[in-house]
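Observations on chain architecture
Listed here are the chains, written in short residue letters.
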Amino acid sequence: MSDAVLAVSGLTVTIGTRRGPARAVAGVDWSVQAGQTLALVGESGSGKSMSVLAATGLAPRAARVTGSVRLLGSDFTALPADRRRRMRGRHVGFVFQDPMTSLNPVLSVGRQVAEAGEEHLGLTRRAARTRAIELLDLVGIPSAAQRVDAYPHQFSGGMRQRVVIAMALACEPDLLIADEPTTALDVTTQAQIVELVADLQQRLGTAVVWITHDLGVVAGIADTVAVMYAGRIVEQGPVEAVFDRPGHPYTSALLAARPEPGAGGGDLVTIAGAPPSPHDLPAGCAFWPRCPVRGDARCEHELPPLVPVAGAHHVRTFYPQRPDGEGR
Amino acid sequence: MARFVIRRLLQSCVVLLGVTLVVFLLLQLVPGDPVRVALGTRFDPQTYEALRARAGLDQPLVVQYFDYLRRALTGDLGVSFRSGRPVTAIVLERLPATLSLAVTAVLFALVIALPLGIVSAMRSGSFVDHAARVFSQFGVSVPDFWMGIMGILLFAGVLGWLPPSGYVALTEDPARWASHVALPAATVGLVTASILTRFIRSSMLEVLSEDYVRTAEAKGLRTRVVVLRHVLRNALIPVVTVVAVQLASLLGGVIVIEVLFAWPGIGRLTFDAVQARDYPVLQGAVLLVAALFLLVNLLVDILYARLDPRITVK
């Protein structure tokens, strides 16, 4: 764990809202090593994005963040704001969900790719522009030298996401945060973007935190996976272990809810009910009201600890699933 | 770009034509006889008829209108009933005063509103934000003539720093021009600043919540760069429209302020022309204001295209 690029422990994010404080993230631990990919999986509102934004100092102003964040060996939360800013962009690159809104409409793409290099590497405007053309070429923008002065609205969604990736990689960061980078794209483009990031990761040795609810992507690219539910990690471990031998009923249900290609037009499997409100988390297991196993009163009143089942594979439940899929 | 400008200029001509028609017809509806007013106590039937004939007022309306239009196209807007001088000259000599007052007022407003609006948005809910809101409320709700009078009392009366009224041309003596324009421009500019501050604040707040601002922050840019390069440029696009509307309405003349400060601008001219029923001068003034309005709008459209690459002028 000592060579982790980013490691968070006990990370809690509480957001002040009109209805009182909402606990978006309730004490999570995860880490990602150089060259490795960690997938954070969960439904909308499970706290997967918030935990990463909070860890990198990008949480909204109303958020209160506690816990420890170690980025490249330094205590990130203890750093002054200006040092944290200088680590973003330089050591951590970000790719966000919607390329249609994450680029500034009034600046040319070249300018937006170039500015991180000007800020962090001290490049001159001319050098940064040359570098921007290289980067646009690297992410597969055709005739980059001509397109460098074009504006975002002149690009398709997939091409814009490539621009965002070029921006994120401008300073060859140690860590790339990809916050659902394929959600807003069509399926063929999704595959291209996933492939692009995997390829760049291999060439540059970047660590990647990939936030997604697409389990197909996770199986393809991740080394480790952390499944989040209602602000907590309910299962984490090596991707094969979690996918082949899911220990938590929620993970099993998520895997079962994947549409099977060629399975015909039957009803899709869903998980009944909805996640609890972050304003009013249950005392015990947050998944208990929807759980198909539905253990006993202990589940309702006592929070299950995250316990190891095999090696690095951890599960937060009193009733780990057996490999054959049966509870108890 | 050139084609766009030419097309817009042609469109403006059509609008101006409409303006002449509306103004011409409206004046026919106004009660009172201009020739009678012009003659005053020297009235006698012969002179009256002669004057009416000379001004073409004995002709049918249609003939009068086309006559006016034909001469207007050659730059001849008629002759003032009152002074007998050509209207074109009278109107144009008022232009510098109005132009310098309007532009100074808008610059004054921007100097106040830009920083205040930006800081209010960046620190929404802070003391500065609340203070800015009080300032805006004050500026919008207090009548400008009262503010003008208070300004005169304070800066001209008590402190004696500025002249209470009057006008000196910029070309004649820049320093004296500045001391004369300061009070009226500040009075008018304060109202404009109040409106702009609120507008800039809300526009900034809207842009601050955009995804691309988070992207800029994620790049590790300094706050100053994020605000100036990413937020402000986008936030200013809608603000340009409001500034233009303000500028255009100031160019139309701020009648109360011009009267209060004895400022010889278009507003003052319009006021005097209405009082004297000097129809040719009134028509000329309205036409000039309409032309200025259209010109400002054209400039705004060009500026828009410069600010927002998504807009193409073709």
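Residues numbered from 1 in each chain as written. Chains lettered and ligands numbered in written order. Predicted model: local features only at pLDDT ≥ 70, side-chain atom pairs only at ≥ 80, totals over all residues. Heavy atoms only, no water.

The name that an unreviewed UniProt entry assigns to chain B is Peptide ABC transporter permease, with the source organism given as Micromonospora gifhornensis. Its UniProt record gives chain B the following Sequence similarities (unreviewed entry) comment, quoted word for word: "Belongs to the binding-protein-dependent transport system permease family." (UniProt positions renumbered as here; feature names shortened; annotations may be inferred.)

Where an unreviewed UniProt entry is consulted, chain A appears under the name ABC transporter ATP-binding protein, with the organism given as Micromonospora gifhornensis. Turning to chain A, the UniProt record has this under Sequence similarities (unreviewed entry): "Belongs to the ABC transporter superfamily." According to the UniProt record, the Subcellular location (unreviewed entry) comment for chain A reads "Cell membrane".

**A word on the overall build of chain B**
Broken down by element type, chain B carries 13 helices and zero strands. Going from N to C terminus, chain B has its helices and strands arranged as α-α-α-α-α-α-α-α-α-α-α-α-α. Taking the principal axes of its C-alpha atoms as reference, chain B extends roughly 85 × 55 × 35 Å. Considering chain B as a whole, with its 314 residues, one finds that 43% of them fall into the buried category. Considering only contacts within chain B whose residues lie at least 6 apart along the sequence, 72% involve residues at least 24 apart. Carbon together with sulfur atoms contributes 68% to the accessible area of chain B, which is approximately 16,100 Å² in total. One way to put it: in chain B the 28 positive side-chain charges average out to a point 8 Å from where the 20 negative ones average out. (Helix = DSSP H or I, 4+ residues; strand = E, 2+ residues; numbered from the N terminus. Buried < 20%, exposed > 50% of the residue type's maximum accessible area, 1.4 Å probe, protein only. Contact = heavy atoms within 4.5 Å. Areas by Shrake-Rupley, 256 points an atom, 1.4 Å probe, with all protein chains shown as cover. Lys, Arg positive; Asp, Glu negative; His and termini not counted. Charge placed at Lys NZ, Arg CZ, Asp CG, Glu CD.)

**Some thoughts on the environment of B:Ser80**
All names here are of chain B. Here Ser80 lies in the loop between helix H4 (61-73) and helix H5 (87-122). We classify Ser80 as buried; its relative accessible area is 5%. Here the alpha-carbon distance between Ser80 and Ala55, two residues 25 residues apart in the chain, equals 9.8 Å. Excluding anything up to four places from it in sequence, Ser80 contacts Arg85, Val87, Ile90, Asp278 and Val281.

**Digging into helix H10 (residues 249-256) of chain A**
All names here are of chain A. Counting buried positions over the eight residues of H10 gives six, a clear majority of the element. Along H10, the residues that are buried comprise Pro249, Tyr250, Thr251, Ala253, Leu254 and Leu255. Among the structural elements, strand S3 (37-41), helix H8 (215-221), strand S9 (224-229), strand S10 (232-238) and helix H9 (239-244) are those in contact with the buried residues of H10.

**Regarding the pairing of strand S11 (residues 306-310) of chain A**
Residue and element names in this part refer to chain A. Pairing between S11 and strand S12 (residues 313-316): four bridges, direction antiparallel. The residue bridging Leu306 from the neighbouring strand is Arg316, located in S12. Hairpin connection, S11 to S12: the antiparallel pair is bridged by two residues, and Gly311 has positive phi, about 60 degrees. (Pairing = 2+ DSSP bridges.)

**Quick look at the UniProt feature "domain: ABC transporter" (unreviewed entry) in chain A**
Look at the UniProt record and you will see "domain: ABC transporter" (unreviewed entry) annotated at residues 6-255 of chain A. In the segment residues 6-255 of chain A, helix accounts for 38% and strand for 28%; the C-alpha atoms at its two ends are 27 Å apart.

**Quick look at the UniProt feature "transmembrane region" (unreviewed entry) in chain B**
Per the UniProt record, "transmembrane region" (unreviewed entry) is found at residues 101-122, 134-161, 181-200, 235-261 and 281-304 of chain B. Secondary structure content for residues 281-304 of chain B is 100% helix and 0% strand, while the C-alpha to C-alpha distance between its ends is 35 Å.

**Considerations on the interface of chain B and chain A**
The partner chain A presents 25 residues to the 21 residues of chain B that form the contact. Interface area, chain B with chain A, both sides summed: about 2,200 Å², of which 54% is carbon and sulfur. At the surface where chain B touches chain A, the tally comes to three salt bridges. Residue A:Glu115 pairs with B:Lys219 through a salt bridge whose shortest N-O separation is 2.6 Å. Counting across the chain B and chain A interface gives 15 residue pairs in polar contact (both at pLDDT 80 or more). (Buried area = accessible area lost by both parts, 1.4 Å probe. Salt bridge = Lys/Arg side-chain N within 4 Å of Asp/Glu carboxyl O. Polar contact = N/O pair within 3.5 Å; in protein donor to acceptor, adjacent residues only side chain to side chain.)

**Notes on the packing of H5(B) against helix H6 (residues 127-141) of chain B**
Residue and element names in this part refer to chain B. Relative to each other, H5 and H6 sit at 135 degrees, their axes nearing to 8 Å. Taken together, the axes of H5 and H6 are oblique relative to one another. For the crossing formed where H5 meets H6, the hand is left-handed. Along the contact surface, H5 presents Ile112, Leu116, Val119 and Ser120, while H6 presents Val128, Asp129, Ala132 and Phe135. Split into classes, the residues belonging to the contact of H5 with H6 amount to six nonpolar, one polar and one charged. (Axes fitted to C-alpha atoms, helices over the stretch in contact; angles between N-to-C directions. Parallel < 35°, antiparallel > 145°, perpendicular 65-115°, else oblique. Left-handed = near helix turned anticlockwise from the far one by under 90°. Nonpolar A, V, L, I, M, F, W, Y, C, P; charged D, E, K, R; others polar.)

**Quick look at the sheet that holds S3(A)**
Residues and elements named next belong to chain A. Strand order in this open sheet of eight strands is S6-S7-S8-S3-S9-S10-S12-S11, and the pairing throughout is mixed. On the outer flanks of this sheet lie strand S6 (92-95) and S11, each paired with one strand and no other. When the angles between neighbouring strand axes are averaged without regard to direction, this sheet yields 20 degrees. Alignment of strand S7 (residues 175-179) against strand S8 (residues 207-212), held across five bridges, turns out to be parallel. The residue bridging Asp179 from the neighbouring strand is Ile211, located in S8. Packed onto the sheet, helix H7 (residues 187-204) meets S3, S7 and S8 and runs at close to 160 degrees relative to S8.

**Considering the side chain of A:Ser102**
With respect to the helices and strands, the residue A:Ser102 is situated in the loop between S6 and helix H3 (109-120). For A:Ser102, a relative accessible area of 1% corresponds to the buried category. Excluding its chain neighbours within four sequence positions, the residues that come into contact with A:Ser102 are A:Phe96, A:Val164, B:Asp211, B:Tyr212 and B:Thr215.

**Re the layout of surface pockets**
Approximately 1,200 Å³ is the volume found for the largest pocket. Along the wall of the largest pocket there are 31 residues; nearest its centre are A:Gly57, A:Ala59, A:Pro60, A:Arg61 and B:Glu217. Secondary structure elements with two or more residues in the lining of the largest pocket: helix H1 (48-55), strand S4 (63-71) and helix H2 (81-87) of chain A together with helix H8 (174-208), helix H9 (211-218) and helix H10 (223-251) of chain B. The residue makeup of the lining of the largest pocket, split by class, is 16 nonpolar, five polar and 10 charged. (1 Å grid on protein atoms, 1.4 Å probe; cavity = no way out; pocket = protein on both sides within 12 Å on 5 of 7 lines; lining within 4 Å. Points joined across faces, edges and corners; volume = space filled by probe spheres on them.)

**Side note on the sheet that holds strand S5 (residues 74-75) of chain A**
Residue and element names in this part refer to chain A. Spatially, S2-S1-S4-S5 is the arrangement adopted by the four strands of the open sheet, whose pairing is antiparallel. Both outer strands of the open sheet, strand S2 (20-33) and S5, are each paired with one neighbouring strand and no more. Two strands pair when backbone bridges link them, and S4 and S5 are joined in this way by two bridges, in the antiparallel orientation. Across the sheet, residue Arg70 finds its bridge partner in S5, namely Asp75.

**Overview of the nonpolar core**
Residue and element names in this part refer to chain B. Of all hydrophobic cores here, the largest spans 69 residues; its most connected members are Leu196, Met204, Leu250 and Val296. The leading source of residues in this core is H10, at 16 residues. Residues in contact with Leu196, not counting those within four places in the same chain, are Ala109, Leu110, Ala113, Val239, Val242 and Val243. (Core = buried A, V, L, I, M, F, W, Y, C linked by side-chain atoms within 4.5 Å.)

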